[in-house]
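Results of the structural survey
The chain contents come next:
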Amino acid sequence: MNFVSDSKNKWGRNLQSIVPFAGLIIIIVVFQIITSGKLLSIYNLKTILEQSIVMIISCVGVTFVMSMGSIDFSQGSVLAICSIFGALLAKQDPILGFVGAMVLGLVIGTINGFLVSLEIPSFIVTISTMFVFRGLTSYLTKDCCLTLPMKMAVLDKIDFKALVLGLILILGFYFFEFTILGKQCKAIGAAEKASVYSGVNAVKVKIISFAIAGLLAGLCGMLSLIRTRIASPFTGNLFEIEVFMALVFGGMPINGGMKSKMRCGLFGSLMLAFLANGLVIMGVSANVLQLIKGIVFLGAVYISIERRGQVVIK
Amino acid sequence: MRNKEIIFESKDLCKSFLMTKAVDNVSIKIFKGEVRGLIGENGSGKSTLASMMAGILKPNKGEMFFYGKSYDPKDQVDAAKSGISMMVQEMNTIEGLKISENIFLGKENEFVKNGIVNRKNMNDKAKKVLVEFNLPEIQPDINIELISFENRKLIELAKSLYSKPKLFIIDEATTSLSRKGRDLLFEMIKKLKKQGTSILFITHNLEELMKICDTITVLRDGKLIDTVENNDLNEDLLKNMMVGREIKGDYYRKDYDTCISTNPVLEIKNITIPNVLKNISFNLNEGEILGIGGLAESGMHTLGKVIFGAKKAESGYIKDIKSGKQIKKINDAISNGIGYTSKNRDQEGIILLASIKDNIALPSLEKFGKLSFVNPKREKDFCLEATKKLKVKMNSIEQLVLYLSGGNKQKVVLSKWISRNCNVLILDSPTRGIDVMIKASIYNLMQKLVQNKKSIIMISEEILELIGMCDRVIILKDGEISKEFKRSKDLTEEKLVKHMI
């Protein structure tokens, strides 16, 4: 007979649903006070949005992956390689650049998904992919960084980016919460074997989820290229870790399952962005910022992790 | 019996989980050398009470006494040291460790000299223990995952008894054992009783209970109803106490000469899996309850999986007659109107960490909207309807299945398939570990289904169930069909068992 242990983790479970809302509000209020109102100035809010767009879009894709109990460590590298590919194609035609970058991302994601469906743990598959494309990126940009064609610089406007973000969020939310795909992803995360016995085609779902993550990483690659104007060996470095942190902050269960929600990525990314921004306004250096992010992340994981079961990355 | 020494006593013991009062002011006395049975419906508080006695849970109120002294164990290890240990239904041995290491887990100090464990001594002692438990053919220095599920359970028994507990609790541990295992367990219980050990035996199996227990305590809704001597008992009286109202004695089918159509709906032909199944061929007819019986290792559970498309056979095929299509994977089966309830309910039948609604909706998601859209209202209405049909006892449809009793979990599994109007149901051990009331309702449901021209394959290790419910029973032995029986009043357990072993 299974018992719900009357463990201290009752707090953790409730916290998981409150953290996204309360956490964001607390961070905004605290830093607004500390920075004497600079945090919520229009200019600063624009900056925060700019900084978090790419992270939020990547979170949308990774939400599908994480809800199955898997993980995607290749987001940063795929972003980088798609940046390069997109930059090359954009020389011919800007739209081709976008399409090309997303198609490449889709292809890499599909390969990830296919390998995971062969029962290879996702962290092994995606770390391998990460290394391959990080290496390729460094090689291709070692002599000179690739640059964005000048005519595309006009896209570096908040309106365009906000539009793209809005579109992706709406589509992501719809597909994850209201379609068969999303429900099957969550079921696999909750119990893969039982889901398969209920007719879920785990192979198909895994491939599609990783493909979506790859596609969106490709889109992020182009957006990043537009913002920074170049693709360098450092593009997207450690990005996947930040995406993971953002999702967990936002309340995403580490093992996925039924409690996964699309809003986790949005709230987590905003929290991280406000936190980092606030600290920078306060004059904190980049290294200390990294340290603080890490500590806060550990704290969030400690409170909310489901310790009764083991953390198994599938 | 009344003059015997009281070894365990509880006074007004209470335990609640959130809103539910699992154990409600239970005062129980257990005597030395007594075999006490503990029964009650699912949710009556049996396992909760036992867990408090074994140190797994802490009571909210009340006191416990062991040998007259106040008893408040910190945890299971503490309880075991005091002399109370428990064996549970789930697997409690550790894979990757050798058998001898599992038996002496936590007690390795006995074999330690100068900081090093003497493996030879440990293995020798393990060998003696294995012989004592009638398992002489097992080598103690192999990894435990290499032996059968049943033998692992028996090793667990050896481990629990090695520390010579004064009160030994068995919590529904017999459901996964075969006949041989159960007989061994009962032998052990008799031996322990002679040595003065007391046993608390929790099970749903009333026949077993009445065979070996001296006295039986009945719980209902967390309260202790009564403790009765075995001589004063009969099955109907017990059922009455468990449920609080009249239960008719026999809950199996009453009809005997029902004509079964000879329209086959499913064709199973030459199914072979090396070392597991050999050339299994038979047809499932429309409106029939076909039973498949045998020992646990006879291959029947695997056969159930093959018919559902969950396991692949080396040769042979399963064909759905109406569509003419072969069943090669699970989705083939489901799209042809076949449903399956696994023996392994918690791993394969149901998603514990999901709501009742999500579980029932999962195989039917395409019904709730066009183009893979899932309309939340349609989904909810569909699932509510399904739970009403089977009378699932729940707080709300969003409740996690984890919190339901075994019987209600099984009802959710069945709802999943019945809501799809499946034509064929493969039920593997459908009433395993389920209380009397829900068992009766499942049998009732099966009869209603076949009256509506649905067909059922029932795989079960409970011979009485097969005799009571099926139109035909196929017995498997060592992977082959050994005999087929037709429903008849003269069918007895002995007749079937003869062809199983």
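Residues numbered from 1 in each chain as written. Chains lettered and ligands numbered in written order. Predicted model: local features only at pLDDT ≥ 70, side-chain atom pairs only at ≥ 80, totals over all residues.

1. Looking at the overall build of chain A
- Across its full length, chain A carries 12 helices and two strands.
- Along its sequence from the N terminus, chain A presents helices and strands in the succession α-α-α-α-α-β-α-α-α-α-β-α-α-α.
- Its C-alpha radius of gyration of 19 Å places chain A within 12% of the 20 Å reference for a compact globule of 314 residues.
- Principal axes of the C-alpha set define a box for chain A whose edges measure 65 × 50 × 35 Å.
- Per-residue burial over chain A gives 48% buried out of 314 residues.
- Within chain A, contacts between residues at least 6 apart in sequence are counted, and of these 81% link residues at least 24 apart. (Helix = DSSP H or I, 4+ residues; strand = E, 2+ residues; numbered from the N terminus. Rg over C-alpha atoms; globule rule 2.2 N^0.38 Å. Buried ≥ 20, exposed ≤ 12 C-beta atoms within 10 Å, placed from the backbone. Contact = placed C-beta atoms within 7 Å.)

2. Side note on the overall build of chain B
- Across its full length, chain B holds 17 helices and 22 strands.
- Since a compact globule built from 501 residues should have a radius of gyration of about 23 Å, the 24 Å found for chain B is in line with a globular shape.
- Dimensions of chain B along its principal axes, counting C-alpha atoms only, are 70 × 50 × 50 Å.
- When the 501 residues of chain B are sorted by exposure, 43% land in the buried category.
- Intrachain contacts of chain B at a sequence separation of at least 6 include 67% that bridge at least 24 residues.

3. Some thoughts on helix α11 (residues 263–281) of chain A
- Taking 1.5 Å of rise per residue, 19 residues should cover 27 Å, and α11 of chain A covers 27 Å from first to last C-alpha, within 8% of that figure.
- Looking at the residues trailing α11 of chain A, positive phi occurs at G283 of chain A, about 95°. (Expected span 1.5 Å × (residues − 1).)

4. Describing the interface of chain B and chain A
- Across the boundary between the two partners, chain B contributes 28 residues, which contact 23 residues of chain A.
- Among the elements of the structure, α10 (330–335) and α11 (345–349) of chain B are those that each provide at least two residues to the side of chain B that touches chain A.
- Residues belonging to the side of chain B that touches chain A are distributed by class as follows: 17 nonpolar, seven polar and four charged. (Nonpolar A, V, L, I, M, F, W, Y, C, P; charged D, E, K, R; others polar.)

5. Regarding the sheet that holds strand β13 (residues 223–229) of chain B
All names here are of chain B.
- The strand order across the open sheet formed by six strands is β7-β10-β11-β4-β12-β13, and the pairing between neighbours is mixed. Each end of this open sheet is capped by a strand with a single partner; those strands are β7 (84–87) and β13. On average, adjacent strands in this sheet sit at an angle of 20° to one another, irrespective of strand direction.
- Across five bridges, the pairing between strand β10 (residues 167–171) and strand β11 (residues 198–202) is parallel. From the neighbouring strand, I169 faces β11, where its bridge partner is L200.
- Sheet strands in contact with helix α5 (residues 149–162) are β7 and β10, and its direction is about 175° off that of β7. (Pairing = 2+ DSSP bridges. Axes fitted to C-alpha atoms, helices over the stretch in contact; angles between N-to-C directions.)

6. What about the confidence of the model for chain A?
All names here are of chain A.
- Taken residue by residue, chain A gives an average pLDDT of 86. The fraction at 70 or more is 90%.
- A low-confidence stretch, residues 1–10 stays under pLDDT 50, and its non-local contacts, those more than four residues away or across chains, total 12 contacts.
- Under a pLDDT of 50 for its full length, residues 308–314 has, in the predicted model, 17 contacts with residues more than four places off or in other chains. (pLDDT = per-residue confidence, 0-100.)

7. Quick look at the pairing of strand β18 (residues 338–341) of chain B
All names here are of chain B.
- Along β18, one buried face is formed by I338 and Y340 and the opposite face, lined by G339 and T341, is buried too.
- Bridge count for β18 against strand β19 (residues 424–428) is four bridges, and the pairing is parallel. From the neighbouring strand, I338 faces β19, where its bridge partner is V424.

8. With respect to the packing of helix α3 (residues 75–90) of chain A against helix α10 (residues 239–249) of chain A
All names here are of chain A.
- In contact at an axis separation of 6 Å, α3 and α10 are set at 130° when each is read in the N-to-C sense. The orientation of α3 with respect to α10, classified from their angle, is oblique. Between α3 and α10, the residues in contact are Q75, G76 and L79 and F239, E240 and V243, respectively. (Parallel < 35°, antiparallel > 145°, perpendicular 65-115°, else oblique.)

9. Description of the environment of L38 of chain B
Residues and elements named next belong to chain B.
- Assignment of secondary structure puts L38 in strand β4 (residues 35–39).
- Along the backbone, L38 and E5 are 33 residues apart, and their C-alpha atoms lie at a distance of 19 Å.
- When residues no more than four places from it in sequence are discounted, the contact partners of L38 are K46, L200, F201, I202, T217 and L219.

10. Considering the pairing of strand β14 (residues 264–273) of chain B
Residue and element names in this part refer to chain B.
- By the bridge criterion, six bridges tie β14 to strand β15 (residues 277–285) in an arrangement that is antiparallel. When the bridges of β15 are listed, I271 appears paired with I280.
- Between β14 and the antiparallel strand that follows it, β15, lie three residues; N275 among them carries a positive phi value of about 70°.

11. Let's talk about the environment of K32 of chain B
- Inspection of the secondary structure assignment puts K32 of chain B in the loop between β3 (29–31) and β4.
- Taking the C-alpha atoms as reference points, K32 of chain B and N151 of chain B, 119 residues apart in sequence, are found 29 Å from one another.

12. Regarding helix α4 (residues 94–117) of chain A
- Counted at 1.5 Å a residue, the expected span for α4 of chain A with its 24 residues is 34 Å, and the 35 Å between its end C-alpha atoms agrees.
- One or two steps after α4 of chain A, the chain reaches E119 of chain A, where phi turns positive at roughly 75°.

13. Some words on the nonpolar core
- Membership of the largest hydrophobic core comes to 155 residues, with the highest contact counts inside it found for I57 and L247 of chain A together with I457 of chain B.
- Among the elements that make up this core, the one with the highest residue count is helix α9 (residues 202–228) of chain A (15 residues).
- Each of two domains, domain 2 (262–337 + 422–501) and domain 3 (352–421) of chain B, supplies a minimum of three residues to this core.
- I457 of chain B has contacts with L284, L290, I292, I307, I426 and L427 of chain B, leaving out every residue within four places of it along the chain.
- In terms of nonpolar packing, the next biggest core, distinct from the first, is built from 54 residues, A54, I99, A126 and V129 of chain B among them. (Core = buried A, V, L, I, M, F, W, Y, C linked by C-beta atoms within 7 Å. Domains from an automatic or database assignment.)

14. Side note on unusual backbone geometry
Residues and elements named next belong to chain B.
- For L371, which is not a glycine, the phi torsion comes out positive at approximately 55°.
- Looking at the secondary structure, you find L371 in the loop between α12 (356–361) and α13 (376–390).
- With 7 C-beta atoms counted inside 10 Å, the residue L371 sits in the exposed group.

15. Structural notes on the environment of K113 of chain B
Residues and elements named next belong to chain B.
- Mapped onto the elements of the fold, K113 is located in strand β8 (residues 112–113).
- C-beta crowding within 10 Å serves as the criterion here: with 8 such atoms nearby, K113 is assigned to the exposed category.
- Put simply, K113 and I338 are 225 residues apart on the chain and 60 Å apart in space, counted from C-alpha to C-alpha.

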